[in-house]
Amino acid sequence: LLALAIFATMVQTGAAWGRKPEKKKELTEDEMLAAFWPGFKMFDQDRNARISADEITRVIGEMGDELQGSEVQHIISAMGRADIDGNRQISFPEFAKMMIEAAEEEL
């Protein structure tokens, strides 16, 4: 979960793509969506335009953060809150909505 929090911060600041963080400014929805696409693609390992709990677990593991069973269950629970259509996977619109809401909470 720490890796997800770090990733969310990187997305918000642009650091995930080697850009220097800019001063906080009001981003348009299109700018936010464009910023989130590379992060979504990183987690969408099978390129089916959906992120599963297995993909999140795999990517976090590849980042060097091995997850325990309870942490995986927590991720699945968090996914449930973001999973608007209830298919147990996160689509890009659901991912973007989750990230936008997280960014708004920080403001």
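Before reading further, recall that the structure is shown in the block above.
Reading guide: rules and limits
- Residues numbered from 1 in each chain as written.
- Predicted model: local features only at pLDDT ≥ 70, side-chain atom pairs only at ≥ 80, totals over all residues.
- Heavy atoms only, no water.
- Helix = DSSP H or I, 4+ residues; strand = E, 2+ residues; numbered from the N terminus.
- Buried < 20%, exposed > 50% of the residue type's maximum accessible area, 1.4 Å probe, protein only.
- Contact = heavy atoms within 4.5 Å.
- Areas by Shrake-Rupley, 256 points an atom, 1.4 Å probe, with all protein chains shown as cover.
- Phe/Tyr/Trp six-rings, centres within 6.5 Å; stacked < 30°, edge-to-face > 60°.
- Lys, Arg positive; Asp, Glu negative; His and termini not counted.
- Salt bridge = Lys/Arg side-chain N within 4 Å of Asp/Glu carboxyl O.
- Polar contact = N/O pair within 3.5 Å; in protein donor to acceptor, adjacent residues only side chain to side chain.

Moving on, we come to the overall build of the protein chain. A count of helices and strands for the protein chain gives five helices and two strands. Scored against the burial criterion, the 107 residues of the protein chain give a buried share of 33%. Considering only contacts within the protein chain whose residues lie at least 6 apart along the sequence, 52% involve residues at least 24 apart. Of the roughly 6900 Å² that the protein chain leaves accessible, carbon and sulfur atoms contribute 54%.

Using the criterion set out here, one finds four aromatic pairs in the structure. For the pair Phe 40 and Phe 92, a centre-to-centre distance of 5.4 Å together with 80° between the ring planes defines the contact as edge-to-face. Taken as a pair, Phe 40 in helix 2 (residues 29-43) and Phe 92 in helix 5 (residues 92-106) lie far apart in primary sequence, 52 residues in all. A centroid spacing of 5.5 Å and a plane angle of 65° characterise the contact between Phe 40 and Phe 95, whose relative ring orientation is edge-to-face. Here Phe 40 is found in helix 2, whereas its partner Phe 95 is found in helix 5, with 55 residues between them in sequence.

Counting through the fold element by element, Glu 94 comes out in helix 5. Within the buried core, Glu 94 has no salt-bridge partner, and the shortest N-O distance to an opposite charge, that of Arg 50, equals 7.1 Å. Here the side chain of Glu 94 touches Ser 91 through a polar contact of 2.8 Å, landing on its backbone nitrogen. Sequence-distant contacts of Glu 94, defined by excluding residues within four places in its chain, comprise Ala 82, Asp 83, Ile 84, Asp 85 and Gln 89.

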